[in-house]
Amino acid sequence: MAKAPILTPQAEDFPRWYQDLINKAELADNGPVRGTMVIRPYGYGLWERMQQEMDARIKDAGAQNAYFPLFIPQSYLTKEAEHVEGFAPELAVVTHGGGKELEEPVVVRPTSETIINEYFSKWVQSYRDLPLLINQWANVVRWEMRPRVFLRTSEFLWQEGHTAHATYEDARDYAARIHRDVYADFMVNVLGIDVVLGRKTAKERFAGAINTLTLEGMMGDGKALQLGTSHELGQNFAKAFNTQYLSKGGQQELVWQTSWGVSTRMVGGLIMSHGDDNGLRVPPRLAHVQVVVMAIKGDEAVTKVRELGDRLKAAGIRVQVDDRVDTPFGRRAVDWELKGVPVRIEIGPRDLENGTAMLARRIPGGKEPVAIDSLVDLLPKVLEEDQAQLLRESRERREARTADVTTIEEAAEAAVAGGWARIRWADLGPEGEAKLGEQAVSVRCLVAEDGSVPDADDAPGTVAIVGRAY
């Protein structure tokens, strides 16, 4: 009788495969309140690495980290009408505290534009105070009706950047810089996901923004996942909160603003982009465990894997030593495969006799014996090869499953079939976008014919990327 698979096969039921993997790889559990999640240590280790890589890029872009309160007076949200209308269905509102009804209800932050602008209006006095570039790492709450771990949860972790500038051009260029040099650089070169950079249509824009830049990734089932956004807020919030500065010419001027964010949704994107029927596959540049060194059995093997682990750590490789010889080796190997650790180094008594180890590569698959003394030099090359393979696979999947079409019907058909469609925005337009929405298909972003980000929705040669999304 055939042995039952550990995970539901992707081709059989992709959503079930996703949930199986989260459970079996010990990434997260559902929280006690509907829509919340408990991130387990291995899953949180992935998020920590994402934080580290992103935080370095954000600081290179000139932003500084700060922190703002979780509770926001409800009156703040009502100051910007489009913003409050966009978030109203998702708000969690506190009406009682300390056993008493509050004089004014407070909102658990869904995003921090309003509270941060309250303080920007105090901190910005002169053109010398600009640009003001702030980022915070925090949690937010958006009451989710259809929760799915990492992808849509009522509480999630993220970073949110907020900036104020003297001119429209400076704000526009900074939003584009975050989009390109922070988010795209990280997603392509660390996550190994071949994202498409574009702008959202007016219908899909962030509530209160004049332009939203997005990064869309194609998941293993052909659906799209919005992995990050960078918004031009114009002067909408500046008007609402009277955020002004004294210009060089001695005039009071309203600031121009941006906001931008990515979240733990990227962990879900990592799973669905690179995972296979054997589990997760973690890009080596992201992995908090790049190599696991495993003792198969025997005291000498345990001593050797500990020594080798120390040598690899000294060489700058992120290593975990698995010397739990009282646990069956096969079970341990399957667990590490599920977790997607890029490389396993397996050493047993016979290997020690030969001065070799078994090198198992998670991303391309396969095993081969290698000399133990060659591993310090060999592993960095192997890890870079495997990083490149994941990005290549991501790009090839997107290209193979994106169809060029000319009609709304063809666009919907391509999306429903499990892929994306490219159609001229002039042939689709807002009316066609609305028709697609009736079939749970959306315009993920607008791009120029050459793949760049268009300056406006109606810019000549603008193309719509259409698909179903998470």
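Up top is the structure.
Remember, predicted model here, so these are calculated numbers, not experimental data.

J.: Any details on the overall build of the protein chain? Residues and values, ideally.
T.: Check the secondary structure of the protein chain and you find 14 helices and 23 strands. Relative to the 2.2 N^0.38 estimate, which gives 23 Å for 470 residues, the radius of gyration of the protein chain is 25 Å and therefore close to what a compact globule would have. Oriented by its inertia axes, the alpha-carbon framework of the protein chain measures out at about 80 × 55 × 50 Å. Classification of the 470 residues of the protein chain by burial places 54% in the buried group. Of the roughly 20800 Å² that the protein chain leaves accessible, carbon and sulfur atoms contribute 48%. Across the protein chain, the centroid of the 56 positively charged side chains sits 3 Å from that of the 69 negatively charged ones.

J.: Talk me through the packing of aromatic side chains; I want residue IDs and the actual numbers.
T.: In total, this model carries 10 aromatic pairs according to the counting rule given. Ring geometry for Phe 120 and Trp 123: centres 6.3 Å apart, planes at 45°, overall tilted. In this pair, Phe 120 and Trp 123 are both assigned in helix α5 (residues 113-123), three residues apart and thus about one turn of the helix distant. For the pair Tyr 174 and Trp 260, a centre-to-centre distance of 6.3 Å together with 55° between the ring planes defines the contact as tilted. Of the two residues, Tyr 174 sits in helix α6 (residues 168-189) while Trp 260 sits in strand β14 (residues 256-263), which places them 86 residues apart along the sequence.

J.: Help me get a handle on the environment of Gln 290, residues and values and all.
T.: Here Gln 290 is to be found in the loop between α8 (265-274) and β15 (291-295). In this structure, the C-alpha to C-alpha distance between Gln 290 and Gln 320, residues 30 residues apart in sequence, is 8.1 Å. Excluding anything up to four places from it in sequence, Gln 290 contacts Pro 284, Gly 316, Ile 317, Arg 318, Val 341, Pro 342, Val 343 and Leu 383. Within the local environment of Gln 290, its side chain forms a polar contact with the backbone oxygen of Pro 284, the two atoms lying 2.9 Å apart.

J.: Break down a nonpolar patch on the surface for me, with residues and values.
T.: A surface patch of nonpolar side chains, about 300 Å² in accessible area, is lined by Val 33, Trp 143 and Met 145. Among the secondary structure elements, Met 145 is positioned in the loop between β7 (132-141) and β8 (155-165). With relative accessibility at 48%, the residue Met 145 sits in the partly exposed group.

Each value, and the rule that gives it
- Residues numbered from 1 in each chain as written.
- Predicted model: local features only at pLDDT ≥ 70, side-chain atom pairs only at ≥ 80, totals over all residues.
- Heavy atoms only, no water.
- Helix = DSSP H or I, 4+ residues; strand = E, 2+ residues; numbered from the N terminus.
- Rg over C-alpha atoms; globule rule 2.2 N^0.38 Å.
- Buried < 20%, exposed > 50% of the residue type's maximum accessible area, 1.4 Å probe, protein only.
- Areas by Shrake-Rupley, 256 points an atom, 1.4 Å probe, with all protein chains shown as cover.
- Lys, Arg positive; Asp, Glu negative; His and termini not counted.
- Charge placed at Lys NZ, Arg CZ, Asp CG, Glu CD.
- Phe/Tyr/Trp six-rings, centres within 6.5 Å; stacked < 30°, edge-to-face > 60°.
- Contact = heavy atoms within 4.5 Å.
- Polar contact = N/O pair within 3.5 Å; in protein donor to acceptor, adjacent residues only side chain to side chain.
- Patch = residues over 30% accessible without salt bridge, like charges linked within 9 Å, V, L, I, M, F, W, Y side chains within 5 Å.
- Salt bridge = Lys/Arg side-chain N within 4 Å of Asp/Glu carboxyl O.

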